Amino acid sequence: MRKIVLRLSLVLLGVLMASPIAAAQISSHAENLEAEPWWKHAVFYEIYPRSFADSNGDGIGDLKGIASKLDYLKDLGVDAIWITPCFPSPQVDFGYDVSDYENIDPMYGTLADFDVLASEAKKRGIHIILDFVVNHSSDQHPWFLDSKSSRTAAHRDWYIWRDGKKPGEAPNNWVSNFGGSAWKFDAATNQYYYHYFYAEQPDLNWRNPAVKDAMFDVTRWWYKRGVAGFRLDAVDALFEDPNLKDNPILRPGTNAFGDPIEDRKYNTNLPEVHDVLRGLRKVADENDAVLIGETWTANVAELNKYYGEGNNELQLPMDFLFTMVNKLSATEFRKQIGAVDAASGWPTFVISNHDIVRSYDRYGDGEHNDQIAKLMAALYLTLRGTPIMYYGEEIGMKTTTPARKEDVKDPIGRTGWPEEKGRDGERTPMQWDGSENAGFSSGTPWLPVPPTYKTHNVADEGRDPDSVLEFYKKVLKLRHTNAALLQGKYTALNEGDAKVLSYLRLYREHGVVVALNMSSTPQRVKLELRSKGFASARQLLASGDASVKGEEVSLEPFGVFIGELTK
Ligand code: GLC
């Protein structure tokens, strides 16, 4: 009985929390919008807390710092923030090694700070998404400390312990994603434990129901504190073949860490992960929450599995195939957008994150980087699907990788140097203004502020109507207020055009056309509007001089045209 009452109150809490800015803005501006779950029309924004805003001058960002920037985020057009791990952690992998799932690391603040952040965010209609590191904990987590203490410890089976093949030989050939064998020998108990990432990140044993119960309870605990969902870290690595079969070797040679190149057939993407996702989704549904997945897949068929049958698993599995379109190519983007648009669930678009080189220089040609940043904004913020922005993308932050191995903070950059220089470059401090340390901290920032803070920062760009930031604000405003952009269907136009990517978003009688010149030369294209029942378009937003005459649109190099269709 108590359980039922508790559930009901959680559902109520969920309903109360589900009054997002997106819903408010949409209902007042876009008519006739069908009732949709909040996360479909929300714009998500990833915050790497170490690098966002430092309130106490220790050079490391914190929760109070995030709270101080909520007005900025709201003004930008953000509806939900995903905070990468801010839980107690020895910080071997900068928080992705969690030693207590139900607390805040003192370097980021306290639970009371979290509560203030949650309530301030709620006042502004901003949802909070936390990062749930499901595959592994820290080796300093009390569960692992107990697990390691003896073969008969209560938590022994919470992790994956095995005997070696023979003395001195790991149980199989699996290599860690972060270099070296995925097995570490523990002399005290004479067994090996498995770690897909660093040895300080032992994998949890999800075949043990006690692990599953404890981890499900972690989500309930945070839901009660006002969290609106989770980004599930490294979900594809959750299960391993119980027989520990050796992975096949893909080809001769070695990777950046000097390890054999394996097909991770027996330690990733095992079907058992879907049972866990269905279970986590049930708990999420009881709380009107969203589950985002770190879902690296080889194709859309694999991505579809993460939505689950009848969409009963992840609402927002990230489409990393989109981030793998590594060059500005209309043909390649069209292909990937078409593929994910036909997926069995609602698409989720990202162009950068804390593990991926920033989009600014990934697509930039060194000469038109700002125009290209605007073009990319116009692309992923006008597609049918939920976008997840990465902090700093909106001001054109650049990947700034350390030049010397001794300056690298990310351990994989030290073990993989020079082939793999680590992820520091995309995790540098947010550039708030042109003052010392870019206004990020009054102390010495944990990573150096990139020199580009002088030209690319929030304060200065806010004063320049032509800046990347102002363009982001305009696109986001349009996206929040235009019914066709919110939920219109996607229709590709001019599919043979290798230079201009164009498409329609159609919703009932509303229609928007988007044309993006992905080339460095001016383009004049005749869009296939008539065949779709429209005569022309009225400009809503453009980047660079753009003009439209009937079906014909003229675009500057890397120019953008977004227009309302006319009959
Ligand atoms: C995910 C995170 C990455 C982290 C790894 C191990 O891939 O995005 O930053 O290092 O998991 O937790």
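About the criteria used
- Residues numbered from 1 in each chain as written.
- Predicted model: local features only at pLDDT ≥ 70, side-chain atom pairs only at ≥ 80, totals over all residues.
- Heavy atoms only, no water.
- Helix = DSSP H or I, 4+ residues; strand = E, 2+ residues; numbered from the N terminus.
- Rg over C-alpha atoms; globule rule 2.2 N^0.38 Å.
- Buried < 20%, exposed > 50% of the residue type's maximum accessible area, 1.4 Å probe, protein only.
- Contact = heavy atoms within 4.5 Å.
- Areas by Shrake-Rupley, 256 points an atom, 1.4 Å probe, with all protein chains shown as cover.
- Near = heavy atom within 4 Å.
- Polar contact = N/O pair within 3.5 Å; in protein donor to acceptor, adjacent residues only side chain to side chain.
- Nonpolar A, V, L, I, M, F, W, Y, C, P; charged D, E, K, R; others polar.
- Expected span 1.5 Å × (residues − 1).
- Axes fitted to C-alpha atoms, helices over the stretch in contact; angles between N-to-C directions.
- Parallel < 35°, antiparallel > 145°, perpendicular 65-115°, else oblique.
- Left-handed = near helix turned anticlockwise from the far one by under 90°.
- Core = buried A, V, L, I, M, F, W, Y, C linked by side-chain atoms within 4.5 Å.
- Pairing = 2+ DSSP bridges.
- Phe/Tyr/Trp six-rings, centres within 6.5 Å; stacked < 30°, edge-to-face > 60°.
- Salt bridge = Lys/Arg side-chain N within 4 Å of Asp/Glu carboxyl O.

1. Looking at the overall build of the chain
Turning to step 1, where the next piece is worked out: Helices and strands together make up the secondary structure of the chain, namely 18 helices and 21 strands.
Turning to step 2, where the next piece is worked out: For 567 residues, the compact-globule estimate of 2.2 N^0.38 gives 24 Å, and the chain sits close to it at 24 Å.
Turning to step 3, where the next piece is worked out: Expressed along its principal axes, the backbone C-alpha trace of the chain runs to roughly 75 × 60 × 50 Å.
Turning to step 4, where the next piece is worked out: Looking at the chain as a whole, 60% of its 567 residues qualify as buried.
Turning to step 5, where the next piece is worked out: Partitioning the contacts of the chain with sequence separation of at least 6, the portion at a separation of at least 24 is 69%.
Turning to step 6, where the next piece is worked out: Accessible surface, the chain as shown: approximately 21,800 Å² in total, 51% of it carbon and sulfur.

2. A few points about the site of the ligand
Turning to step 1, where the next piece is worked out: Around the ligand, a shell composed of 13 residues is seen, among which Asp-93, Asp-233, Glu-294, His-354 and Asp-355 lie nearest.
Turning to step 2, where the next piece is worked out: A distance of 2.5 Å separates an oxygen atom of the ligand from a polar atom in the side chain of Asp-93.
Turning to step 3, where the next piece is worked out: Here an oxygen atom of the ligand and a side-chain polar atom of Arg-423 are 3.0 Å apart.
Turning to step 4, where the next piece is worked out: Contact with the protein chains hides 96% of the accessible area of the ligand, taken as 300 Å² for the molecule alone.
Turning to step 5, where the next piece is worked out: For the shell around the ligand, the per-class residue count stands at 3 nonpolar, 3 polar and 7 charged.

3. Some thoughts on helix 17 (residues 468–481)
Turning to step 1, where the next piece is worked out: Between the first and last C-alpha of helix 17 there are 20 Å, a value that for 14 residues agrees with the 20 Å anticipated at 1.5 Å per step.
Turning to step 2, where the next piece is worked out: Most of helix 17 is tucked away, with 10 of its 14 residues classed as buried.
Turning to step 3, where the next piece is worked out: Within helix 17, the full set of buried residues consists of Val-468, Leu-469, Glu-470, Phe-471, Tyr-472, Val-475, Leu-476, Leu-478, Arg-479 and His-480.

4. Details of unusual backbone geometry
Turning to step 1, where the next piece is worked out: For the bond from Trp-417 to Pro-418, the omega torsion is 0 degrees, close enough to zero to count as cis.
Turning to step 2, where the next piece is worked out: Mapped onto the elements, Pro-418 comes out in the loop between helix 15 (411–416) and helix 16 (458–462).
Turning to step 3, where the next piece is worked out: Positioned with a positive phi, Ala-234 is a non-glycine residue whose angle comes to about 45 degrees.
Turning to step 4, where the next piece is worked out: On the secondary structure map, Ala-234 appears in the loop between strand 7 (229–232) and strand 8 (249–254).
Turning to step 5, where the next piece is worked out: Residue class for Ala-234 comes out buried when judged on its relative accessible area of 4%.
Turning to step 6, where the next piece is worked out: Of note, the phi angle at Asn-311 is positive, near 55 degrees, even though the residue is not glycine.

5. Thoughts on the packing of helix 14 (residues 369–380) against helix 17
Turning to step 1, where the next piece is worked out: Helix 17 packs onto helix 14 with a crossing angle of 15 degrees between their chain directions and a minimal axis gap of 10 Å. The angle between helix 14 and helix 17 places the two elements in the roughly parallel class. Crossing hand, helix 14 versus helix 17: right-handed. Residues Asp-370, Ala-373, Lys-374, Ala-377, Ala-378 and Tyr-380 of helix 14 form the contact with helix 17, whose own contacting residues are Val-468, Phe-471, Tyr-472 and Val-475.

6. Thoughts on the nonpolar core
Turning to step 1, where the next piece is worked out: Formed by 145 residues in total, the largest nonpolar core has its most connected members in Phe-44, Tyr-45, Ile-81, Phe-333 and Leu-379.
Turning to step 2, where the next piece is worked out: In terms of residue count, helix 14 provides more of this core than any other element does, 8 residues in total.
Turning to step 3, where the next piece is worked out: Look past the residues within four positions of Phe-333 in its chain and what remains in contact with it is Phe-322, Val-325, Lys-327, Leu-328, Tyr-363, Met-376, Leu-379, Leu-501 and Met-518.

7. A closer look at the sheet that holds strand 11 (residues 316–317)
Turning to step 1, where the next piece is worked out: The strand order across the open sheet formed by 8 strands is 11-10-7-3-2-1-13-12, and the pairing between neighbours is parallel. At either end of the open sheet lies a strand with only one pairing partner, and these are strand 11 and strand 12 (348–350).
Turning to step 2, where the next piece is worked out: Where strand 12 lies against strand 13 (residues 386–390), 3 bridges are found, and the strand directions are parallel. Bridge assignment links Thr-348 to a residue of strand 13, and that residue is Thr-386.

8. Details of the packing of aromatic side chains
Turning to step 1, where the next piece is worked out: In this structure the tally under the stated criterion is 33 aromatic pairs.
Turning to step 2, where the next piece is worked out: Pairing Trp-174 with Tyr-194 gives two aromatic rings, centres 5.4 Å apart and planes at 70 degrees, and the pair type is edge-to-face. Of this pair, Trp-174 sits in the loop between strand 4 (161–162) and strand 5 (183–186) while Tyr-194 sits in strand 6 (residues 191–194); the two residues are 20 residues apart in sequence, bridging distant segments of the chain.
Turning to step 3, where the next piece is worked out: Under the relative-accessibility criterion, Trp-174 is labelled buried at 1%.
Turning to step 4, where the next piece is worked out: What makes Tyr-194 buried here is its relative accessible area of 1%.
Turning to step 5, where the next piece is worked out: By the ring-pair criterion, three or more aromatic residues cluster together here, those being Tyr-45, Phe-52, Tyr-72, Tyr-390, Tyr-391 and Trp-432.

9. Examining the sheet that holds strand 6
Turning to step 1, where the next piece is worked out: What the 3 strands build is an open sheet, ordered 4-6-5; its pairing is antiparallel. In this open sheet, the two strands that pair with only one neighbour each are strand 4 and strand 5.
Turning to step 2, where the next piece is worked out: In this sheet, strand 6 lies alongside strand 4 in antiparallel orientation, the contact comprising 2 bridges. Within strand 6, the position partnered with Arg-162 by the bridge is Tyr-192.

10. Details of the pattern of salt bridges
Turning to step 1, where the next piece is worked out: This model, assessed by the stated rule, comprises 30 salt bridges.
Turning to step 2, where the next piece is worked out: The closest approach of N and O atoms between Arg-278 and Asp-275, which form a salt bridge, is 2.6 Å. In this pair, Arg-278 and Asp-275 are both assigned in helix 9 (residues 273–285), 3 residues apart and thus about one turn of the helix distant.
Turning to step 3, where the next piece is worked out: In this structure Arg-278 comes out as partly exposed when scored by relative accessible area, which is 33%.
Turning to step 4, where the next piece is worked out: For Arg-427, the salt bridge goes to Asp-355, with nearest N and O atoms at 3.2 Å. Placement of the pair is Arg-427 in the loop between helix 15 and helix 16 and Asp-355 in the loop between strand 12 and helix 13 (359–363), with a sequence separation of 72 residues.
Turning to step 5, where the next piece is worked out: Judged by relative accessible area, Arg-427 falls into the buried class, the value being 1%.

11. Some details on the packing of helix 8 (residues 209–224) against helix 9
A pair of packed helices can be characterised by two numbers: the angle between their axes and the separation between those axes.
Turning to step 1, where the next piece is worked out: The interhelical angle for the contact between helix 8 and helix 9, taken along N-to-C directions, is 20 degrees, at an axis separation of 10 Å. With respect to helix 9, the axis of helix 8 lies roughly parallel. For the element pair helix 8 and helix 9, the recorded crossing hand is right-handed. Where helix 8 abuts helix 9, its residues Phe-216, Thr-219, Arg-220 and Tyr-223 lie against Val-276, Gly-279, Leu-280, Val-283 and Ala-284.
Turning to step 2, where the next piece is worked out: In terms of residue class, the contact of helix 8 with helix 9 is made up of 6 nonpolar, 2 polar and 1 charged.

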